[in-house]
Structures are given as C-alpha cells and as structure tokens.
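Close look at the chain arrangement
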Amino acid sequence: MTSHSLFEPTTVGAWRLNNRAVMAPLTRNRAPGQLPTAQMAEYYAQRAHPQHGAGLIITEATPISPQAHGYADTPGIHTDAQVAAWRQTTDAVHAQGGHIVVQLWHVGRISHVDLQPGGQPPVAPSAIAANAKTYLIKPEGGGFFDVSPPRALETHELPGIVDDYRQAARRAREAGFDGIEIHAANGYLLDQFLRSGSNQRTDAYGGSIENRARLLLEVMQAVCAEIGGDRVGIRISPVTPSNDASDSHPQPLFEHVLRQLAPLGLAYVHVVEGQTGGARDHQQGEAPFDYAALRAAYRAAGGQGAWMVNNGYSAELAQQALDSGADLVAFGRGFIANPDLTRRLREALPLNELQRATLYGGGTQGYTDYPLAA
Ligand code: 8OZ
C-alpha cells in the first residue's frame, strides 16, 4: 500500500482535489428563511484556498424538502430561490479553486411541529419519539428544545421521499455544486430506517437488515442515476448515539449497506468513527466496531470510492489513518475556527480556539471573523 500525505492533490470520483483534508459538514443556523446567504458564501470561500484550506468542502446539512427541516435557519435545496442563492457559495468556492458538495438531509423524527408544514408531526419509520433536542429560534432567542413525537410514514409515501432526494440532487447540479453527500448518519431519517431502535416497521422497509437498508439503497440508486455515482458520497456513523440512534448489531448492518453500495461507483464513503463529536471508542453492540472490517467488506465487494474518516482527528492521527489506507480526512471543529487549517496542520502552527457560543445562529462573529495565521 502506498502511503499518502494529507497535503498532496488527489483524484476522488469526478474531482481533482488540492489536498486530502476535507471540511466536514457543520450546521451553523445562519440561513434566515431557509435561504443561503452571501455571508455563507464568504465563510465557505475562506476555507477553499488551494494551499491553506480544504481540498473538499461538504456543506452544512441541507434539507431536501419542507418536511425534511428540523432546525431553525438551515438552508434548503428544494426551491428555485434556494438554488439561485446557493450559486453565491458555489461560485465563490470555485473562484478560489476549491471543490464543494452539498450534504442532502432529511431529519425524520428530529424535528418540531413549529418547523413542519402545516404544523404537522414530523415523519419517521415508526411512531417512536426520540429522546433528543433540536435548535429553534423563538421570539426570546435561539435555544434547544425537545423534538416532537413523530408519525410513521406509510409505505406508499416512501417513493416520494426517494424522489425528493433525486430532485435535490438535480438542483445541486443546477446550483453549481461539484456533487452531493447523502446524510445517512447521526440519527436522521435514513439512519432511523437503518437502526433497529427507531425502525419497528413490518413492511419491506423494516425487520431484517436487508429491509432496514432498503430506503437508503433506493435513495443512493436514485441520486447516482440522476448525477452519476462519481459525484456522490455518503456519510454514515455506525455506532453514534446522536439523536437517540441505536442498534445492537451495527457491524453486520453497515457491512451489508457498504456491500450493496459497492457497485454504484461512489466518489467516497465518509465514516464518523465513534460518537459524533465525542469519544472515538464509543461502543454500541457487543463488541467494539471494526472499521477496518467495514472497509474490507466494501473493497471485497468491489467498492472503489475514497475512504474518508472523521471524528476528532489531529494532524498526527490523520497521518496514521492515511498510512493505514484511508484516502481523505474530514475535520469539523478545526475548520470552523481555522479557515487555513490545512496550512496550520502542514506547518504545525497553533490553532485558533473554537468559540462555542457562536456555533449555532448569529452573525459574522465566530463565523467569518476567525483570523488566518500570520
Ligand atoms: C449539530 C447541530 C444540529 C445539526 C448532524 C446535522 O449532527 C447535524 C447537526 C449537528 O449531522
């Protein structure tokens, strides 16, 4: 196996990337009226510099339909106005020589009646409420609130959801994105279908591993047919407990998913290792999750997509991952606070401190005002 450097160009799917450092998807709640802004374009462009920034930027999670929203002020990709507004971001990133994909999102049960069309309950595989919170902006200010109890989707509604993903992929291309990432992680709709703790369906989309994976695979096939597998990535988080996600046998579940995805010719597979934003060795099920076995299952089935790892990576851990066969490393908090994170890692420069109070909602402070290294 040849070893890679984080700082070298590489080919992934349809793209020639400037380096192997990826800006992870990061929800920032700065899109009033669900519309991407000029300020967002500036934020992403700051992180797209060929030598200093990310080789690939993954946008914040982006809802594919009105029903897919679950947090205040997240930017959609389901209207013509949103497509036109995203153009500011894709043009600004491309002007820097960067690449950007949009992360397509349906929150499922992680939502609130205040954000749902007609004040209806959120939708889910089964009518099981999550023990989770969502971010809402009320007249008195922004904060986290319990999610609303969901209703179970009818089987006949599922083709419509697959079609919403397909339409969003088409709109992503119209908006000038280099591709898309399907958000199948962190306890949102597709992950809710995958994992037994949130899926108690008795139709062809529940029960066995094959059935629980069905909706995700239909979505992946639809978006690959729409824009080409070499412009599509997927994000999974096999053991995260985020948003009340749980499954007692994640290893066979996710190995099945990746074997089924192998023929699609994906650009990349993005794996959150452990608890999203938390412990890398978090365990669900009887044994520690074996990520090497997951990758081996994908490769044995013919999967050639780049292998992207994520969760709390330092420069040193990143190099170890690349040495043992990963192709890309995604950094989240590092890129929030350091638009020039790649340069800082390369030159071992100190990092800016993350300002937690400005993560969700607000203006330019803690968003576009993090300084470059001297
Ligand atoms: C933090 C706050 C709100 C949403 C995820 C989209 O966990 C998110 C998210 C993260 O994937």
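To be clear, the structure that these remarks concern was listed above.
Since the model is a prediction, treat every value here as computed from it, not as a measurement. (Residues numbered from 1 in each chain as written. Predicted model: local features only at pLDDT ≥ 70, side-chain atom pairs only at ≥ 80, totals over all residues. Heavy atoms only, no water.)

Neighbouring the ligand are Thr27, Ala61, Tyr71, Trp105, His183, Asn186, Tyr188 and Tyr360. Out of a free accessible area of 300 Å², the ligand has 80% covered by protein chains. Taken together, the residues of the shell around the ligand sort by class into 5 nonpolar, 3 polar and no charged. (Near = heavy atom within 4 Å. Areas by Shrake-Rupley, 256 points an atom, 1.4 Å probe, with all protein chains shown as cover. Nonpolar A, V, L, I, M, F, W, Y, C, P; charged D, E, K, R; others polar.)

This part covers the pairing of strand β10 (residues 179-183). The buried fraction of β10 is high, at 5 of 5 residues. Where burial is concerned, the two faces of β10 agree: the one with Gly179, Glu181 and His183 and the one with Ile180 and Ile182 are both buried. Sheet topology places strand β5 (residues 100-105) next to β10; 4 bridges connect them, and they run parallel. The residue of β10 that forms the bridge with Leu104 is Ile182. Taken together, the 4 bridges between β10 and strand β11 (residues 232-236) define a ladder with parallel strand orientation. Each bridged residue has a counterpart across the sheet, and for Ile180 the counterpart in β11 is Val232. (Buried < 20%, exposed > 50% of the residue type's maximum accessible area, 1.4 Å probe, protein only. Helix = DSSP H or I, 4+ residues; strand = E, 2+ residues; numbered from the N terminus. Pairing = 2+ DSSP bridges.)

This part takes up the sheet that holds β10. Taken in spatial order, the 8 strands line up as β3-β4-β5-β10-β11-β12-β13-β14 and close into a barrel, and their pairing is parallel. Strand-to-strand twist of the sheet, defined as the mean angle between neighbouring strand axes without regard to direction, takes the value 25 degrees. Bridge count for strand β13 (residues 306-310) against strand β14 (residues 328-331) is 3 bridges, and the pairing is parallel. Note that in β14 the partner of Val309 across the bridge is Val329. The sheet strands contacting helix α3 (residues 158-174) are β5 and β10, and the helix crosses β5 at an angle near 160 degrees. (Axes fitted to C-alpha atoms, helices over the stretch in contact; angles between N-to-C directions. Contact = heavy atoms within 4.5 Å.)

With that out of the way, let us pick up the packing of helix α6 (residues 214-227) against helix α7 (residues 250-261). Close contact between α6 and α7 brings their axes to 11 Å; oriented N to C, the two are set at 25 degrees. The pairing of α6 with α7 is recorded here as roughly parallel in orientation. The handedness of the crossing between α6 and α7 is right-handed. Residue-level contacts link Leu216, Leu217 and Met220 of α6 to His256, Val257, Gln260 and Leu261 of α7. Class assignment of the residues belonging to the contact of α6 with α7 gives a composition of 5 nonpolar, 2 polar and no charged. (Parallel < 35°, antiparallel > 145°, perpendicular 65-115°, else oblique. Left-handed = near helix turned anticlockwise from the far one by under 90°.)

One finds Ile180, Ile182 and Phe331 to be the most contacted residues of the largest nonpolar core, which totals 85 residues. By residue number, the principal contributor to this core is α6, which donates 9 residues. When neighbours within four sequence positions are excluded, Ile180 is seen to be in contact with Val101, Val102, Leu104, Ala169, Ala172, Val223, Ile227, Arg231, Val232 and Gly233. Membership of the second largest hydrophobic core comes to 14 residues, among which are Ile58, Val101, Ala267 and Leu328. (Core = buried A, V, L, I, M, F, W, Y, C linked by side-chain atoms within 4.5 Å.)

This brings us to helix α1 (residues 38-46). All buried positions along α1 are accounted for by Met40, Ala41, Tyr43, Tyr44 and Ala45. Where α1 is buried, its residues contact β3 (21-23), β4 (56-63), α2 (80-95) and β5. For α1, the N-terminal cap is Thr37; the gap from its side-chain oxygen to the backbone nitrogen of Gln39 is 3.4 Å. (Polar contact = N/O pair within 3.5 Å; in protein donor to acceptor, adjacent residues only side chain to side chain.)

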